[in-house]
Structure formats: structure tokens, C-alpha cells
Amino acid sequence: MTGIVKRNFDAADETRPFEDGKGRLDLVSGQHGAVGRAVFEPGWQWTKHVGPIAGTDSCQASHVGYIVSGRMKVVMDDGESTEYGAGDYMEVKPGHDAWVLGDEACVALDWTGFGDYAKPSG
């Protein structure tokens, strides 16, 4: 086993496209699990562009991550909401919708919630 690992999201182990070409998820796998980089294009919304793939009414993934660029609004099923922007750390529990704010793609890294994200159900 090596003591140093170097991976690049541009050579991801797997890429999962979102509906209507509104972005993608790039996954790299490591000893501690999958880490994802998602590119959410302007106009992206979870219920429209990932929900049909997941087969659920709201996102059921738990996210722990970092926003690299762009802005995103997250609304929990109970109505609680916040906005995330470049430089923000995020924790989001299952049961939410989200969408890109503005005309810039939102790029996010996630250490916990992207392993099964945008993966067809069943």
C-alpha cells in the first residue's frame, strides 16, 4: 500500500450525467470511499435533473462538502433553507431540493453523499 495517493477528477473512475445536459458528477474512489465533484449548470434543479434518475421526490443523500464556485440554494422538505456559495462548507441531511442560483455553474465537492448520487434506482 502506498502512503500517497493522487487522483484527478478529470480522469474520474465514473462520470454520471444529469438530465437535459445540466451537468455531471465525476467520482473518484479511494480507500475511504467515493469522493465526488459535481458540476451543476445554470438552470439545474435537483427535482428536474436528478430526481427522475433517483426516482424519489426529494434528494435522499446526506452531503458533507465544499462549494468551489457558483451558488446554490437548498430547501429542506420541512421548508428550512439556505444558500451556499464559493468557499462554503456544507452539511445537508436527506430530504431536500436544490437549484443553481445565477448564470454561473456551481461546482461542489462531496465526501459523503455522491457515492449513489444520480444513480438510477432499482
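What you are looking at is a predicted structure, and each value in this text was computed from that prediction instead of being measured.

Rules used throughout
- All chains use their own residue numbering, which begins from 1 and follows the written sequence.
- In keeping with the model being predicted, local features are shown solely for residues with a pLDDT of at least 70 and side-chain atom pairs are shown and tallied solely at 80 or more, while totals for entire chains, interfaces and linings include all residues.
- Computation of side-chain values: all heavy atoms of the structure, hydrogens and water removed.
- What goes into a patch is any residue over 30% in relative accessible area without a salt bridge, connected to like charges within 9 Å or, for nonpolar side chains (Val, Leu, Ile, Met, Phe, Trp, Tyr), within 5 Å.
- Accessible surface area values rest on a Shrake-Rupley calculation with a 1.4 Å probe, where residue burial reflects the displayed protein chains alone.
- A side-chain nitrogen of Lys or Arg and a carboxyl oxygen of Asp or Glu constitute a salt bridge if their distance falls within 4 Å.
- Secondary structure counts use DSSP, requiring at least four H or I residues in a row for a helix and at least two E residues in a row for a strand, with both numbered from the N terminus.
- Note on classification: 1.4 Å probe, protein chains only; a residue is buried when its accessible area is under 20% of the maximum for its type, exposed when over 50%, partly exposed between these limits.
- Strands are treated as partners if at least two bridges between them are detected by DSSP.
- Between rings of Phe, Tyr and Trp, where Trp is taken as its six-membered ring, a pair exists when centres lie within 6.5 Å; planes separated by under 30 degrees are stacked, by over 60 edge-to-face, and by other angles tilted.

Undergrad: Pulling in residues and values, what's your account of a nonpolar patch on the surface?
TA: A cluster of nonpolar residues, Y66, V68 and W111, forms a patch on the protein surface that exposes about 300 Å² of accessible area. Tracing the backbone shows Y66 in strand β4 (residues 63–69).

Undergrad: Help me get a handle on the pairing of strand β9 (residues 106–110), residues and values and all.
TA: Among the five residues of β9, five are classified as buried, and the element is accordingly described as predominantly covered. Residue alternation in β9 divides its side chains into two sets, C106, A108 and D110 and V107 and L109, and both sets are buried. The pairing of strand β3 (residues 33–40) with β9 spans five bridges and is antiparallel. The residue of β9 that forms the bridge with R37 is L109.

Undergrad: Explain the packing of aromatic side chains residue by residue, including any values.
TA: The final tally for this structure, using the stated rule, is five aromatic pairs. Geometrically, the ring pair formed by F18 and W44 is tilted, given 6.2 Å between the ring centres and 45 degrees between the ring planes. Of this pair, F18 sits in the loop between β1 (14–17) and β2 (23–30) while W44 sits in the loop between β3 and α1 (46–49); the two residues are 26 residues apart in sequence, bridging distant segments of the chain. What makes F18 buried here is its relative accessible area of 5%. Each ring, one from F40 and one from W44, has its centre 4.2 Å from the other, and the planes form 50 degrees; the classification is tilted. An identical accessibility class is assigned to F40 and W44; each is buried. Here a set of aromatic residues connected by ring pairs shows up, and it is made of F18, F40, W44, F114 and Y117.

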